[in-house]
Amino acid sequence: MTTMYSALLRGINVGGGKKVPMADLRALLTSLGHDAVRTHLQSGQAVFAADHGDEDSLAAELTEAVEKRFGFPVDVLVRDHAYLKGIVEACPFPAAELEARQLHVTYFSAPVDEERFAAIDAPAFRPEEFRLGDRALYLYAPDGLGRSKLAEALAKPRVTKGLIATSRNWNTVTKLVELTSP
């Protein structure tokens, strides 16, 4: 059975380092035997169909292939359509009422619990807020991610230790659901 997936590459094509041309990424995914390969924007999203593997094995395969092809390591998360759709459906914030730049999802490589974030004084960052989801964190940042002090606190190494974490704005979150739709 073929499943549609999205690959989320962390930290590519930003700040002049770790350049991964999207045409090369599409070719790489195709060379790994995947079908229906597409990319979205230049910031590390690809979708593909696979009839083998699971999220973790596909992520490991792509991580290895990217390093071999481009010469540098890149963290990769792979999520299937059902998961991505579930993230949108479970959003604890009124997404339809917000600008896309105000709402972000950070995807994690493993489940997270509230204990990991216990040292963050959430009320001190209001009106910014965050909520946890299934291997994800939803962030409401009314002034955008670039100005968010809460986003800074949530991204500290002591908070994300042992995890791959990569964030996307709400437009990208919903677009990936659309692109992976069977």
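These numbers come from a predicted model, not from an experiment. (Residues numbered from 1 in each chain as written. Predicted model: local features only at pLDDT ≥ 70, side-chain atom pairs only at ≥ 80, totals over all residues. Heavy atoms only, no water.)

*Asks:* How do you make sense of the pattern of salt bridges when you look at a structure like this?
*Replies:* Evaluation of the coordinates by the stated rule reveals nine salt bridges. Put simply, Arg 79 and Glu 55 hold a salt bridge, and the shortest N to O gap is 3.6 Å. Taken as a pair, Arg 79 in strand 4 (residues 76-80) and Glu 55 in helix 2 (residues 55-70) lie far apart in primary sequence, 24 residues in all. According to the relative accessible area criterion, Glu 55 is buried, its value standing at 13%. One salt-bridge network, in which partners are shared between bridges, spans Glu 55, Arg 79, Asp 134 and Arg 135. (Salt bridge = Lys/Arg side-chain N within 4 Å of Asp/Glu carboxyl O. Helix = DSSP H or I, 4+ residues; strand = E, 2+ residues; numbered from the N terminus. Buried < 20%, exposed > 50% of the residue type's maximum accessible area, 1.4 Å probe, protein only.)

*Asks:* Is there a simple way to think about helix 2 in this case?
*Replies:* For an α-helix, the turn length of 3.6 residues means that residues three or four places apart are oriented alike. Counted at 1.5 Å a residue, the expected span for helix 2 with its 16 residues is 22 Å, and the 22 Å between its end C-alpha atoms agrees. Those residues of helix 2 that sit buried are Glu 55, Leu 58, Ala 59, Leu 62, Ala 65, Val 66 and Phe 70. Down the axis of helix 2, the smallest arc covering the buried residues is 135°, so these residues share one side. In helix 2, the exposed residues that point more than 90 degrees away from the buried face are Asp 56, Glu 64 and Lys 68. Gly 71 lies just past helix 2 and shows a positive phi near 85°. (Expected span 1.5 Å × (residues − 1). Arc of directions from axis to C-beta.)

*Asks:* What is the right way to look at the packing of helix 3 (residues 81-89) against helix 6 (residues 170-180) in this model?
*Replies:* For any two helices packed against each other, the geometry is given by the interaxial angle and the distance between the axes. Where helix 3 meets helix 6, the axes come as close as 9 Å, and the angle between the chain directions of the two elements is 140°. Regarding the angle of helix 3 to helix 6, the classification is oblique. The hand of the helix 3/helix 6 crossing is left-handed. Across the interface between the two elements, His 81, Leu 84, Lys 85, Ile 87 and Val 88 of helix 3 pack against Trp 170, Val 173, Thr 174, Leu 176, Val 177 and Thr 180 of helix 6. (Axes fitted to C-alpha atoms, helices over the stretch in contact; angles between N-to-C directions. Parallel < 35°, antiparallel > 145°, perpendicular 65-115°, else oblique. Left-handed = near helix turned anticlockwise from the far one by under 90°. Contact = heavy atoms within 4.5 Å.)

*Asks:* Just checking my understanding: could you explain unusual backbone geometry for this structure?
*Replies:* Phi is mostly negative for residues that are not glycine, and the peptide bonds are mostly trans. Going from Arg 126 to Pro 127, the amide bond is cis rather than trans, its omega being 15°. Residue position: Pro 127 is located in the loop between strand 5 (103-108) and strand 6 (129-133). If you check the backbone angles, Ala 36 has positive phi at about 50° while not being a glycine. Note on placement: Ala 36 falls in strand 2 (residues 35-40). Given the relative accessible area of 48%, Ala 36 is considered partly exposed. The backbone of Arg 135 shows a phi angle near 55°, a positive value even though the residue is not glycine. Along the chain, Arg 135 falls in the loop between strand 6 and strand 7 (136-140).

*Asks:* Please clarify how the sheet that holds strand 5 should be interpreted in this entry.
*Replies:* What links the strands of a sheet is backbone hydrogen bonding, and the strands pair in either a parallel or an antiparallel sense. Read from one edge to the other, the open sheet built from four strands follows the order 6-7-5-8, with strand pairing classed as antiparallel. Two strands lie at the open edges of the sheet, namely strand 6 and strand 8 (165-169), each paired on one side alone. Direction aside, the axes of adjacent strands within the sheet are offset by 20° on average. Both strand 6 and strand 7 contribute to a ladder of five bridges, which runs antiparallel. Each bridged residue has a counterpart across the sheet, and for Phe 130 the counterpart in strand 7 is Leu 139. Packed on one face of the sheet, helix 6 meets strand 5, strand 7 and strand 8 and runs near 95° to strand 8. (Pairing = 2+ DSSP bridges.)

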